[in-house]
Amino acid sequence: MVITIVGGGATALAFLYNYIASVPSGQQPETTVYLVEKRGVFGPGAAYARDVSSNLLNTKTGFITPFHDRPGDFYNWLRENEWAWWRNFPAFDLHPDSYAPRPLFGMYLQAKMAWMVKHALTVNVRIIQVDAEVNDIAMVGNSCVARTNCSLTLTSDHVFLCCGTLPAKPAAFAGEVGRILPSPYPVAELPHRIAPDANVGIVGARLSCIDAVIGLVESGHRGPIAIHSRSGYFPCVRGTQGRIVPKFLEQGHLEALVRQKGRLRLTDIVDLVRQEIAHATQGDLPRDMPLPPAPPKDLAAYLEQEIELARSPRPWQAVLYSTNAVIDQLWMALRDSDKGLFLSDYFSAFMSYRVSIPTENAARILRYLKSGQLSFHAGEFAIEADGDGKPVIRTSSQAALGYDYLINATGSPRATKRLESTLLANLLQRGMAVEHPLGGIAVDRHNYEVIGRFPGKTRLHAMGELTTGTFFFTSALDINARHARNCATAFAASVFRQDSVGMEQAAAAG
Ligand SMILES: Cc1cc2nc3c(=O)[nH]c(=O)nc-3n(C[C@H](O)[C@H](O)[C@H](O)COP(=O)(O)OP(=O)(O)OC[C@H]3O[C@@H](n4cnc5c(N)ncnc54)[C@H](O)[C@@H]3O)c2cc1C
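Residues numbered from 1 in each chain as written. Predicted model: local features only at pLDDT ≥ 70, side-chain atom pairs only at ≥ 80, totals over all residues. Heavy atoms only, no water.

- The name given to the protein chain in an unreviewed UniProt entry is Pyridine nucleotide-disulfide oxidoreductase, with the source organism recorded as Pseudoduganella plicata.

Next comes the structure, spelled out in structure tokens:
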């Protein structure tokens, strides 16, 4: 059997780990896996690529792991391999509760991928790492034929898309080329593209904006920086709480609720969250989290208060985090009309509360705000060009704010047509994949097979950010690792069931 995996990040690693664990010891068919990664580095992916060490993980060192049955694997690796990383990350305080630099986690993933390549050989699986970009996939008979940017043709029986967070297509801009940066990454490059005294605008106020602001200032940027957020929300600050075992937001309770009520409303889910928070706080709803929360009016005052609150446990954060285990179940239980309402009206608020930042990064942002170097602007705007070709933000009150450079830090769009990927464009055009109305491409939620325009099996599967319309929240490592595990075990079950049926038929015929 031959398999092609497109993308060599954390999701691909989790998929391989679980697939290899599912190969029955009695049957180890010779298998070749082409692992195709356009960055040429296998393991870190885009999320944990080499970059500045101020890009922090948003999950604690002791918790984050791509392997469901190896809790603390990252922390253990750091302890055992200090000699390999400390020179590059001398300021990192190794502790299970610390937030490690993402590139350090990338180093770990790279080491684990190298281990995986060796380990796979013990079950007759040969992983061939291919440094290329897959630009197209077509079905030829029962085979999937993948074509790369360097004219390689890879023929396989099955393809798994683990393409991760794809960049947005650059927005049309009438001004000078290079004045709008389509993404802040790699942050290490920003000082080479932006002069230290330049006036910089950043569009978006989530984690990639925070990476960009901190990366710029810490590398010596002296000019003013302005954040523009359409929603006005800003991430909250992570408290000192640990994790909880949910009582209401768990599979059995949700199944019973759906049996009783049918498809849920948003208000049902808000009630569940409230019940869970009340349970976690022994009856008290937290004073720091009204539902739905309003965006902050004054970011500095908000961060001061958040930093203060984050000195103590914030059980509601543990509750929101615990939804990771059932987030797709919640999403599928929700009525379609409420899914649309949630995405249009509440998604920004949800993200600002669900994806929190460590105190050290909040304190830096607060310091820059207080020094006057950083400002925050909430509200709708349009991007225009001035007479010199520089970007101008035109606010809804018609104020014109001019910048030397604008950085787009809004992340990956949900709509597939707005993603910059030749492969996706070709898959959609061929009808091998169709857009999901709520984002990404449509997949079967049980076996992760990509749903195409034509009936029948496509032999194409997808995991991770591309499946956001089906599974909703696909922006956390543990969630994508869980999907990779489900996909790998469903796939292995189908392959080895077929094999054993074939062997039984051959034995009966013989
Ligand atoms: C900047 C950033 C920071 C994040 N931080 C965290 C965090 O702290 N904690 C957390 O839990 N989650 C975080 N996430 C969420 C992240 O999406 C998940 O952790 C996810 O599991 C990452 O793994 P991945 O393999 O799905 O995607 P990626 O890391 O995006 O890897 C996908 C890989 O596919 C490659 N690729 C794409 N298309 C092709 C092609 N056509 N041909 C060849 N190669 C291709 C890309 O080059 C990339 O290396 C972050 C995401 C981003 C973008």
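Digging into the site of the ligand
So, step 1. Taken together, 32 residues lie around the ligand, and T11, E37, Y48, N58 and L477 are the ones closest in.
So, step 2. Interatomic distance of 3.2 Å between a side-chain N/O atom of R39 and an oxygen atom of the ligand.
So, step 3. In this structure, N58 approaches the ligand through a main-chain N or O atom, which is 2.9 Å from an oxygen atom.
So, step 4. At the level of elements, α1 (10-22), β2 (31-37) and α16 (477-509) are the ones that each hand at least two residues to the shell around the ligand.
So, step 5. Taken together, the residues of the shell around the ligand break down into 17 nonpolar, ten polar and five charged. (Near = heavy atom within 4 Å. Polar contact = N/O pair within 3.5 Å; in protein donor to acceptor, adjacent residues only side chain to side chain. Helix = DSSP H or I, 4+ residues; strand = E, 2+ residues; numbered from the N terminus. Nonpolar A, V, L, I, M, F, W, Y, C, P; charged D, E, K, R; others polar.)

Some words on the domain arrangement of the protein chain
Interfaces are often sized by the accessible area lost when the parts come together.
So, step 1. Taken as a whole, the protein chain is organised into domain 1 (2-167 + 414-489), domain 2 (180-235 + 358-408) and domain 3 (251-354).
So, step 2. When each unit is reduced to the centre of its C-alpha atoms, the spacing between domain 2 and domain 3 is 29 Å.
So, step 3. Between domain 2 and domain 3, the residue contacts involve 14 residues of the former and 16 residues of the latter.
So, step 4. Together, the buried faces of domain 2 and domain 3 total about 1,400 Å²; carbon and sulfur atoms form 72% of this surface.
So, step 5. The largest per-residue losses of area from domain 2 upon contact with domain 3 belong to R206, Y233 and F234, which jointly make up 42% of the total buried on that side.
So, step 6. On inspection of domain 2 and its partner domain 3, the count reaches one salt bridge.
So, step 7. Close ionic contact of K370 with E304 constitutes a salt bridge, the shortest N to O distance being 2.5 Å.
So, step 8. Here the side of domain 2 that touches domain 3 takes seven residues from helix α13 (residues 359-371), the largest share from any one element.
So, step 9. Across the side of domain 2 that touches domain 3, the residue classes tally to nine nonpolar, three polar and two charged. (Domains from an automatic or database assignment. Contact = heavy atoms within 4.5 Å. Buried area = accessible area lost by both parts, 1.4 Å probe. Salt bridge = Lys/Arg side-chain N within 4 Å of Asp/Glu carboxyl O.)

Section: the sheet that holds strand β11 (residues 374-378)
So, step 1. One open sheet accounts for five strands, arranged β8-β15-β9-β10-β11; its pairing is parallel. At either end of the open sheet lies a strand with only one pairing partner, and these are β8 (180-181) and β11.
So, step 2. The sheet contact formed by β8 and strand β15 (residues 405-408) spans two bridges and is parallel. Considered in β15, the bridge of I180 is made with L406.
So, step 3. Across the face of the sheet, helix α6 (residues 207-218) comes into contact with β9 (200-203), β10 (225-229), β11 and β15 while running at roughly 180° to β10. (Pairing = 2+ DSSP bridges. Axes fitted to C-alpha atoms, helices over the stretch in contact; angles between N-to-C directions.)

Describing α6
So, step 1. Taking 1.5 Å as the rise per residue, α6 with twelve residues should run 16 Å; its terminal C-alpha atoms sit 16 Å apart, in good agreement.
So, step 2. Those residues of α6 lying buried are S208, C209, I210, D211, A212, V213, I214, G215, L216 and V217. (Expected span 1.5 Å × (residues − 1). Buried < 20%, exposed > 50% of the residue type's maximum accessible area, 1.4 Å probe, protein only.)

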